[in-house]
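Structural description and commentary
For reference, the chains in residue letters:
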Amino acid sequence: MDAIQQHMIDSYRAAQRGELPPPLPGRHDWGVVREARERRRFDAVIAGRPAYGRRWAALRSLLGKLGRSGRSGKSRKSGKLGKCRPSGA
């Protein structure tokens, strides 16, 4: 039985009992994701680790190691990215 079938059975049962139907499946998914993220940040603070920017710091560290290993022989361009122009303009 999938989530939609279970929801239909629960809705029918709620209608028979005169209760409110349950929320649709997937209705609160983003709220659960937000709560999990907040819990992870809370646990990091309690453990004495930084709560924000841990993934970016790890990525910068990894990219820095790759750059120092000699793979970045090309010079880097500095400055702003140019605007895309349609061809023929």
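Since we're looking at a predicted model, the values are computed, not measured. (Residues numbered from 1 in each chain as written. Predicted model: local features only at pLDDT ≥ 70, side-chain atom pairs only at ≥ 80, totals over all residues. Heavy atoms only, no water.)

A few words now on a positive patch on the surface. On the surface, a cluster of positive charge is made up of Arg34, Arg37, Arg40, Arg49, Arg54 and Arg55. Contributions of two or more residues to the positive patch are made by α2 (29-46) and α3 (54-71). Take the positive patch: its biggest share by element is 3 residues, from α2. Looking at where Arg34 falls in the secondary structure, it is placed in helix α2. (Patch = residues over 30% accessible without salt bridge, like charges linked within 9 Å, V, L, I, M, F, W, Y side chains within 5 Å. Areas by Shrake-Rupley, 256 points an atom, 1.4 Å probe, with all protein chains shown as cover. Salt bridge = Lys/Arg side-chain N within 4 Å of Asp/Glu carboxyl O. Lys, Arg positive; Asp, Glu negative; His and termini not counted. Charge placed at Lys NZ, Arg CZ, Asp CG, Glu CD. Helix = DSSP H or I, 4+ residues; strand = E, 2+ residues; numbered from the N terminus.)

For the chain, per-residue confidence averages 81 on the pLDDT scale, and 76% of positions sit at 70 or higher. Across the chain, element-level confidence peaks in helix α1 (residues 3-17) with a mean pLDDT of 95 and bottoms out in α3 with 78. (pLDDT = per-residue confidence, 0-100.)

What follows deals with the layout of surface pockets. Taken as a whole, the largest pocket encloses approximately 220 Å³ of empty space. Lining the largest pocket are Arg37, Arg40, Arg41, Ala51, Tyr52, Gly53, Arg54, Arg55 and Trp56. Those elements that place two or more of their residues in the lining of the largest pocket are α2 and α3. Tallied by class, residues from the lining of the largest pocket come to 3 nonpolar, 1 polar and 5 charged. (1 Å grid on protein atoms, 1.4 Å probe; cavity = no way out; pocket = protein on both sides within 12 Å on 5 of 7 lines; lining within 4 Å. Points joined across faces, edges and corners; volume = space filled by probe spheres on them. Nonpolar A, V, L, I, M, F, W, Y, C, P; charged D, E, K, R; others polar.)

Another aspect to go through is α2. Counted at 1.5 Å a residue, the expected span for α2 with its 18 residues is 26 Å, and the 26 Å between its end C-alpha atoms agrees. At the exit of α2 stands Gly48, carrying a positive phi of roughly 85°. (Expected span 1.5 Å × (residues − 1).)

Our focus in this paragraph is a nonpolar patch on the surface. A surface patch of nonpolar side chains, amounting to about 510 Å² of accessible area, comprises Trp56, Leu59, Leu62, Leu63 and Leu66. The residue Leu62 is located in helix α3 in this model. Judged by relative accessible area, Leu62 falls into the partly exposed class, the value being 48%. (Buried < 20%, exposed > 50% of the residue type's maximum accessible area, 1.4 Å probe, protein only.)

Let us look at the pattern of salt bridges. Taken as a whole and judged by the stated rule, the model has 3 salt bridges. As a salt-bridge pair, Arg13 and Asp10 come within 3.4 Å of each other at their nearest N and O atoms. Remark: Asp10 and Arg13 occur in helix α1; sequence separation between them is 3 residues, near one turn of the helix. Exposure remark for Arg13: the relative accessible area of 38% places this residue in the partly exposed category. Between Glu38 and Arg41 there is a salt bridge whose closest N-O contact spans 3.3 Å. Highlighted residues: Glu38 and Arg41, both in helix α2, separated by 3 residues, approximately one helical turn.

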